[in-house]
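Inside the fold
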Amino acid sequence: MSLKHAILVLLEQKPGSGYDLAQRFKGGIGHFWNASHQQIYQELKKLSSQMLVEFEVQSQSERPDRKHYHITAAGRSALKTWLLEPTRPERLNSALLVKIYAANLAEPAALAAELEQNLAEHRRRLDEYLSLEQSYLGKGDRIGRKQSQIYLTLRCGIRYEWNWIEMLNEAKALLTDDVLPSKPVLETLARQAGAGRRG
C-alpha cells in the first residue's frame, strides 16, 4: 500500500484538487491512511507524470489558479492491478508501547500523563467513529455496496480505538497500582462480547 493507491482510490470516487484531497484525508480513508498536504501534492505530481491522473487548470478570481485532477484509464487499470496483488498482514510499530515496555526506566508521573493524553485522544476518536456508525445504522437496508464497504472499515476503526482504550486502562492500572489483568485477553473479550449480546 502506498499513498499513490490511496489517492487513486479517492480520485476514482470523485475528481478534485490537491486541497480537496487533503480535506478528504481528514475523514473516511484518512481514518486509516494519513497524508500531509505536501505529500499529497508531491504524489499528484508523480501520478501526473506517469499519466495515471490528468488535471485541468481552473481559474479562481481571488485565489491562485488550481489544478483539478481526475483518474485516467491507465490510473484505473493500475488501481485494479494493485487490488489483485496480495497484501501481507501488517506488523505494529508503536513508540508508546516501547515506552510501556521500558516503563521501569521512565519517570512515573510523566509516563502516566502521556498515557492519559493518549487515552483521551483514543476516546475522542472512538466517540467520533461511534457517531458516524449511527449514520450508517440509521439507513437500515437502504445502504448500498459501496457504503457497506466504507462502513466495514469504520467498524475496524471502532475496534482499533476500543482495543487501545482497553490496553491503556490496563497499563495505567499496572504502572500506578501494580495491578495485572486478572483474566487472559481472549477470555476478557469473550466476556465483553457476551455482555454486549445480553444488553
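As a reminder, the structure under discussion sits directly above these lines.
Description of the structure in this document. (Residues numbered from 1 in each chain as written. Predicted model: local features only at pLDDT ≥ 70, side-chain atom pairs only at ≥ 80, totals over all residues. Heavy atoms only, no water.)

1. Structural notes on the sheet that holds strand β2 (residues 53–58)
For the record, the criterion: For two strands to pair, DSSP has to find at least two bridges joining them. Helix and strand assignments come from DSSP, with helices taken as H or I runs of at least 4 residues and strands as E runs of at least 2, each series counted from the N terminus.
The strand order β1-β3-β2 describes an open sheet built from three strands, whose pairing is antiparallel. Only two strands of the sheet have a single neighbouring strand rather than two, namely β1 (16–17) and β2. With two bridges joining them, β1 and strand β3 (residues 66–71) adopt antiparallel strand pairing. Within β3, the position partnered with Ser 17 by the bridge is His 68.

2. Considering the packing of aromatic side chains
This is how it is decided: Each Phe, Tyr or Trp ring, with Trp reduced to its six-membered ring, pairs with another whose centre is within 6.5 Å; inter-plane angles below 30 degrees give stacked pairs, above 60 give edge-to-face pairs, and intermediate values give tilted ones. Working definition: with a 1.4 Å probe on protein chains only, accessible area under 20% of the residue-type maximum means buried, over 50% means exposed, and in between means partly exposed.
This structure, assessed with the given rule, holds two aromatic pairs. For the pair Phe 55 and Tyr 69, a centre-to-centre distance of 5.4 Å together with 55° between the ring planes defines the contact as tilted. One end of the pair, Phe 55, is in strand β2; the other, Tyr 69, is in strand β3, and 14 residues separate them in sequence. Exposure remark for Phe 55: the relative accessible area of 33% places this residue in the partly exposed category. Tyr 69 sits in the buried class, given a relative accessible area of 7%.

3. Observations regarding unusual backbone geometry
A positive phi angle, close to 65°, is found at Met 51, a residue other than glycine. Summarising the element assignment, Met 51 is placed in the loop between α3 (37–49) and β2. Notably, Asp 178 is not glycine yet its phi reads approximately 55°, a positive angle. Here Asp 178 is to be found in the loop between α7 (145–177) and α8 (185–198). Residue Asp 178 is classed as exposed on the basis of its relative accessible area of 67%.

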